[in-house]
Amino acid sequence: MLRDHPTTGATSITFIEPHCPPLYERDTPAHDRYGRRIDYLRVSLTDRCNMRCVYCMPADGMQFLPPPDLLSNQELILVLSAAAAAGFRKIRLTGGEPTLRHEIVELVRAIKAIPGIEQIAMTTNALRLGRLAAPLKAAGLDRVNISIDSLDARKFRQITRGGSLDDVWAGVWAADEAGLHPIKLNAVVVRGMNDDELIRLAALTTHYSWDLRFIEVMPLTGVAGLAEEGVISSTELIVRIAAHFGQLESYGQGSSDPARRYRIPGAPGTLGFISAVTDPFCATCNRMRLTAEGRMHLCLLRDDEMDLRAAVRAGASQDEITQLIRHAVHLKPWGHGLPEGVLPTLRGMSQIGG
Ligand code: SAM
Ligand code: SF4
């Protein structure tokens, strides 16, 4: 059943009857109607989190999914097997905080065993990585992105509403030791919040061979006001960093890597700038998202979704779910509508996974 969302007009698709006929050519990997190859799935394992970052969640009033609403491990493996058959090759586990997911190590091992899945990464706040990094690596996790927005313990606690910077560093070192390379650090930069730490953050790459990525704050539900006032363009960040370290060396950009990459001359690490707001990269988008309750979210900054859980719980076969996923890929919108003032309204970032 295909219908428009009553308030937003976004596409909302529910398949009550899973036994639908094949809709699309079995090209592997799947391409959307604009010819983009879609092979990267970001999977939210939970909408819960052990922090409350100011740019991600409101201080209170969050409603979390009751556990039965989440895809079970078995359901998730079925959906990811179907996604692999539709051509998805790379999985990123995210959330909420993915390390809070019950039996996360066993889940990683099961995902890694799915034929066709070539790479598993995780985006994490690293609070629990100190003890989980080694078992996750042993289970098949390839690498991690760790969020770290401040190098000052007091400010870090304020931004995350309670997070411990010491625990994050323990997670970073454990990830490094476990070989979860290359280590990427994500920093969301907000004017007046942490832009005074820009140079200190960038300087990390002069000591360590890490990729530090600066992310423009995006106006998702719950934080849109902060994003409107606080967004700093990547161009401004590059100018400010170059004013301190000298002209940055361009380090290129992968075909579907949203980050423009640079290097401080002589540094072992790199800097990446992700400018979804001021310089969108929709033309090279290769990704879709799966929410914790099993909805395919077609574009990060739009509300369009397809409910796969309904099909799974109605008894759809893996082949039928693969067809639904191909359909979702086909329906993926061209890009977001921020320049026209179209904002996503149904979910916050913690309910999608970034
Ligand atoms: N809890 C994990 C973490 O923080 O890394 C994973 C989930 S978090 C939603 C994924 C990424 O989204 C993080 O790098 C976070 O910094 C980023 N993020 C959250 N809210 C954002 C916003 N409004 N704009 C841009 N990035 C955001
Ligand atoms: Fe939690 Fe990650 Fe959102 Fe911070 S950014 S509140 S750590 S989900």
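Summarised in this report is the structure supplied together with it.

The rules behind the values
Residues numbered from 1 in each chain as written. Chains lettered and ligands numbered in written order. Predicted model: local features only at pLDDT ≥ 70, side-chain atom pairs only at ≥ 80, totals over all residues. Heavy atoms only, no water. Near = heavy atom within 4 Å. Polar contact = N/O pair within 3.5 Å; in protein donor to acceptor, adjacent residues only side chain to side chain. Areas by Shrake-Rupley, 256 points an atom, 1.4 Å probe, with all protein chains shown as cover. Helix = DSSP H or I, 4+ residues; strand = E, 2+ residues; numbered from the N terminus. Axes fitted to C-alpha atoms, helices over the stretch in contact; angles between N-to-C directions. Parallel < 35°, antiparallel > 145°, perpendicular 65-115°, else oblique. Left-handed = near helix turned anticlockwise from the far one by under 90°. Contact = heavy atoms within 4.5 Å. Nonpolar A, V, L, I, M, F, W, Y, C, P; charged D, E, K, R; others polar. Expected span 1.5 Å × (residues − 1). Buried < 20%, exposed > 50% of the residue type's maximum accessible area, 1.4 Å probe, protein only. Core = buried A, V, L, I, M, F, W, Y, C linked by side-chain atoms within 4.5 Å. Salt bridge = Lys/Arg side-chain N within 4 Å of Asp/Glu carboxyl O. Pairing = 2+ DSSP bridges. Phe/Tyr/Trp six-rings, centres within 6.5 Å; stacked < 30°, edge-to-face > 60°. Lys NZ or Arg CZ within 6 Å of the ring centre and 35° of its normal.

1. Quick look at the site of ligand 1
Moving on, step 1. Taken together, the neighbourhood of ligand 1 is formed by 19 residues, with Tyr-55, Gly-96, Glu-97, Ser-147 and Met-218 sitting nearest.
Moving on, step 2. At 3.0 Å from a nitrogen atom of ligand 1 is found a main-chain nitrogen or oxygen belonging to Gly-96.
Moving on, step 3. Within the side chain of Asn-186, an N or O atom sits 3.2 Å from an oxygen atom of ligand 1.
Moving on, step 4. Across the complex, the protein chains shield 95% of the 540 Å² of accessible surface that ligand 1 would expose by itself.
Moving on, step 5. Among the elements of the structure, β5 (119–124), β7 (184–189) and β8 (211–216) are those that each provide at least two residues to the shell around ligand 1.

2. Notes on the packing of helix α1 (residues 73–85) against helix α2 (residues 104–112)
Moving on, step 1. Relative orientation of the contacting elements α1 and α2 amounts to 25°, with a least axis distance of 10 Å. Of the possible angle classes, the one that applies to α1 and α2 is roughly parallel. Where α1 crosses over α2, the handedness of that crossing is right-handed. Of the residues in α2, those in contact with Asn-73, Leu-76, Ile-77 and Leu-80 of α1 are Leu-107, Ala-110 and Ile-111.
Moving on, step 2. The class makeup of the residues in the contact of α1 with α2 is six nonpolar, one polar and no charged.

3. Observations concerning α1
Moving on, step 1. In this model, α1 (13 residues) spans 18 Å end to end at C-alpha, consistent with the 18 Å of a helix rising 1.5 Å per residue.
Moving on, step 2. For α1, every residue scored as buried is listed here: Glu-75, Leu-76, Val-79, Leu-80, Ser-81, Ala-82, Ala-83 and Ala-84.
Moving on, step 3. In this fold, the buried residues of α1 make contact with β3 (40–44), β4 (90–94), α2, β12 (287–290), α9 (308–313) and α10 (318–331).
Moving on, step 4. The positive-phi residue at the C-terminal boundary of α1 is Gly-87, with phi of around 110°.

4. Concerning the nonpolar core
Moving on, step 1. Counting residues in each nonpolar core, the largest one holds 105 residues, and the members touching the most others are Leu-41, Phe-214 and Ile-325.
Moving on, step 2. At seven residues, the largest contribution of residues to this core is made by helix α5 (residues 165–178).
Moving on, step 3. Apart from the residues within four sequence positions on either side, Phe-214 is in contact with Ala-187, Val-189, Leu-198, Leu-201, Ala-202, Leu-237, Ile-241, Leu-271, Gly-272, Phe-273 and Ile-274.

5. Some words on the environment of Ser-164
Moving on, step 1. Of note, Ser-164 is situated in the loop between α4 (153–160) and α5.
Moving on, step 2. Along the sequence, Ser-164 and Leu-127 sit 37 residues apart, while their C-alpha atoms lie 7.5 Å from each other.
Moving on, step 3. Those residues in contact with Ser-164 that sit more than four places away from it in its chain are Leu-127 and Phe-156.

6. Here's the deal with the environment of Lys-112
Moving on, step 1. Relative to the assigned elements, Lys-112 resides in helix α2.
Moving on, step 2. Sequence-wise, Lys-112 and Ser-44 are 68 residues apart; in three dimensions their C-alpha atoms are separated by 16 Å.
Moving on, step 3. Looking at Lys-112, its side chain comes within polar contact range of the main-chain oxygen of Gly-140, at 3.2 Å.
Moving on, step 4. At 2.8 Å, the side chain of Lys-112 and the side chain of Asp-142 are in polar contact.

7. Things to note about the pattern of salt bridges
Moving on, step 1. According to the stated counting rule, one finds 18 salt bridges in the structure shown.
Moving on, step 2. The partner of Arg-37 in a salt bridge is Asp-39, with the nearest N and O atoms 3.0 Å apart.
Moving on, step 3. Assessed through its relative accessible area of 14%, Asp-39 is described here as buried.
Moving on, step 4. Across the pair Glu-197 and Lys-155 runs a salt bridge whose closest N-O atoms are separated by 3.1 Å.

8. Regarding the pairing of β12
Moving on, step 1. Of the two faces of β12, both are covered, the one formed by Arg-287 and Arg-289 as well as the one formed by Met-288 and Leu-290.
Moving on, step 2. Examined bridge by bridge, β3 and β12 share four bridges and lie parallel to one another. Considered in β12, the bridge of Val-43 is made with Leu-290.
Moving on, step 3. Two strands pair when backbone bridges link them, and β12 and strand β13 (residues 295–297) are joined in this way by two bridges, in the antiparallel orientation. Pairing of Arg-289 across the sheet is with His-297, part of β13.
Moving on, step 4. Linking β12 back to β13 in an antiparallel pair, the connection comprises four residues, with Gly-294 at a positive phi of about 85°.

9. Notes on the packing of aromatic side chains
Moving on, step 1. The full count for this structure, using the stated rule, is eight aromatic pairs.
Moving on, step 2. Considering the side-chain rings of Trp-173 and Trp-210, the 5.5 Å spacing of their centres and the 50° angle between planes classify their relative orientation as tilted. Of this pair, Trp-173 sits in helix α5 while Trp-210 sits in the loop between α6 (198–203) and β8, and the two are 37 residues apart along the sequence.
Moving on, step 3. Residue Trp-210 is classed as buried on the basis of its relative accessible area, which comes to 3%.
Moving on, step 4. When the ring centre of Tyr-40 is taken as origin, the NZ or CZ atom of Lys-90, which lies over that ring, is 4.2 Å away.

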